[in-house]
Amino acid sequence: MNNADRITAPSADGVWENLHLAPGLASADVAVAEGVPASLVVQGGVLRWVGPSAALPAAYAPLARHDGGGLLATPGLVDCHTHLVYGGQRAGEFAMRLAGASYEEVARAGGGIVSSVRATRAASEDELYAAALPRLQTLLAEGVCAIEIKSGYGLALEHERKQLRVARRLGERLGVTVRTTFLGAHALPPEYAGKPQGSQDYIDLVCNQMLPALAAEGLVDAVDVFCERIAFSLGETEQVFQAAQRLGIPVKLHAEQLSDMGGSRLAARYGAMSCDHIEHLSQDGIEAMQAAGTVAVLLPGAYYTLRDTQLPPIAQLRAAGVPMAVSTDHNPGTSPALSLLLMANMACTLFRLTVPEALAGITTHAARALGLADTHGLIAAGRPANFVLWQLREAAELAYWFGHNPARTIVRQGRIVQ
Ligand code: NIG
Ligand code: FE
């Protein structure tokens with residue numbers, strides 16, 4: 001079934017039986033021993049009961065039955081960091097980097113984020129929607145049931161609005177949970193570049209005009225900044241965080257991707273939901289994140305595309321007990337990736353996550369990074385029915401295969417969409 005037809009997709013209400021629950025990704029009402037067939041009860045689009053098929057409460061016995069065929073069941077996947085809505089693409093820049101130019105060199109030469117800004121500004125809202133739709137459908141076909149979509153390629157009120165409106169429309173049209181993030185402070189817009197005070201003037205615009213206007217329109221679920229040498233300083237980042245705090249909007253940060261700017265410590269002080277990239281994260285940044293409950297979002301697609309060699313401090317994050325999420329960081333420059341399962345594979349292979357860590361990274365911890373810990377990323381009673389049945393024997397296969405989509409059945413927002 002085409003994801004766009006979700007409105008007409010059949011209801012998932014009833015008893016889903018003969019399932020194999022992936023370990024660690026379900027909270028059952030009655031404990032399910034390994035190898036024992038499990039059932040899920042869906043009523044009114046909400047999960048009502050999770051447990052061994054043999055222990056199904058009698059009250060649910062009359063409900064319609066869906067045979068799970070012994071398939072592996074997980075919660076719907078959560079992609080907690082994407083820049084999915086943009087105009088154009090940047091294959092030319094990919095070629096430049098292959099010829100030896102660094103990401104910073106491309107950006108300083110007028111390419112990079114700013115080239116996507118030009119293409120995004122030139123596109124209408126409908127054109128942006130049409131471009132983003134197949135990208136989102138590709139992610140959804142692999143079991144994504146909640147996704148974050150950032151702005152940050154408009155860098156002017158009307159164009160940031162256009163991006164965020166498209167993100168909202170996509171969520172409504174496809175019946176998927178979309179969390180929007182305002183990333184007005186992603187790069188200095190070309191019209192501010194080279195001006196004395198240009199960066200501060202733009203940050204003032206972001207804080208005093210763009211963010212309040214977009215928040216008032218209900219378009220902003222979170223606020224993000226690219227805190228980096230080629231983007232915004234620590235002081236500028238804090239100004240944006242203060243503006244978000246005044247409006248009661250949670251923050252997150254593109255932090256320590258190319259250098260250690262101390263962004264994670266700052267973000268933790270503002271109770272950030274997540275710090276993302278963090279290849280150059282220091283030990284005190286880790287401790288600050290741990291104390292604040294901030295999720296570490298790992299983005300192996302960007303690490304791979306940029307041929308980075310600085311690994312994020314995985315062992316230290318693990319030792320400190322910082323929850324780690326894994327995301328596509330889908331964007332046209334550093335991570336043109338449309339497979340969250342491939343990112344789980346790469347998180348294991350490149351970053352040395354264990355398989356259970358990678359699976360928590362694309363489910364429970366990703367949900368937490370979006371403030372969705374109570375509704376997404378875990379199969380449990382009381383949550384909206386978002387789950388996936390996979391043509392796989394064991395959960396480890398989710399992170400093992402790549403270039404292959406093993407999703408057989410997808411239930412999203414209580415409907416059987418695939
Ligand atoms: O997450 N790091 C900054 N932002 C994006 C890249 C955006 C771009 O190059 O277009 C990222 O990697
Ligand atoms: Fe990003």
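Notes on the structure in this doc start here. (Residues numbered from 1 in each chain as written. Chains lettered and ligands numbered in written order. Predicted model: local features only at pLDDT ≥ 70, side-chain atom pairs only at ≥ 80, totals over all residues. Heavy atoms only, no water.)

## A word on the site of ligand 1
- Within the structure, ligand 1 sits among 15 residues, and R90, Y103, Y153, Q257 and T334 are positioned closest to it.
- Here an oxygen atom of ligand 1 sits 3.3 Å away from a polar atom, N or O, in the side chain of H83.
- Contact with the protein chains hides 100% of the accessible area of ligand 1, taken as 320 Å² for the molecule alone.
- Among the residues forming the shell around ligand 1, the class breakdown is 4 nonpolar, 9 polar and 2 charged. (Near = heavy atom within 4 Å. Polar contact = N/O pair within 3.5 Å; in protein donor to acceptor, adjacent residues only side chain to side chain. Areas by Shrake-Rupley, 256 points an atom, 1.4 Å probe, with all protein chains shown as cover. Nonpolar A, V, L, I, M, F, W, Y, C, P; charged D, E, K, R; others polar.)

## Some thoughts on the environment of G184
- The residue G184 is located in strand β9 (residues 177–185) in this model.
- G184 sits 34 residues away from K150 along the chain, and the two C-alpha atoms are 9.1 Å apart.
- With near-sequence residues (within four places) excluded, G184 lies in contact with S151, L155, E160, Y202 and V206. (Helix = DSSP H or I, 4+ residues; strand = E, 2+ residues; numbered from the N terminus. Contact = heavy atoms within 4.5 Å.)

## Comments concerning the coordination of the iron ion (ligand 2)
- The iron ion (ligand 2) binds to the protein through H81 (NE2), H83 (NE2), H254 (NE2) and D329 (OD); the donor distances cover 2.1 to 2.3 Å.
- Ordering the donors of the iron ion (ligand 2) by residue number gives the pattern H-x1-H-x170-H-x74-D. Taken together, the residues H83 in the loop between β7 (77–79) and α1 (91–98) and H254 in strand β11 (residues 252–255) connect sequence positions 171 residues apart. We note that H83, like H254, is buried. (Donors = N, O, S within 2.8 Å, 3.2 Å for Na, K, Ca; no water. Buried < 20%, exposed > 50% of the residue type's maximum accessible area, 1.4 Å probe, protein only.)

## Thoughts on the nonpolar core
- Among the nonpolar cores identified, the biggest contains 99 residues, and I147, L170, L353 and W390 are the most heavily contacted of them.
- Beyond its immediate chain neighbours, meaning those up to four positions away, I147 contacts D79, T82, L84, L136, L139, V176, T177, V178, R179 and L370.
- Among the nonpolar cores identified, the runner-up in size contains 17 residues, and L21, V42, A73 and I416 belong to it. (Core = buried A, V, L, I, M, F, W, Y, C linked by side-chain atoms within 4.5 Å.)

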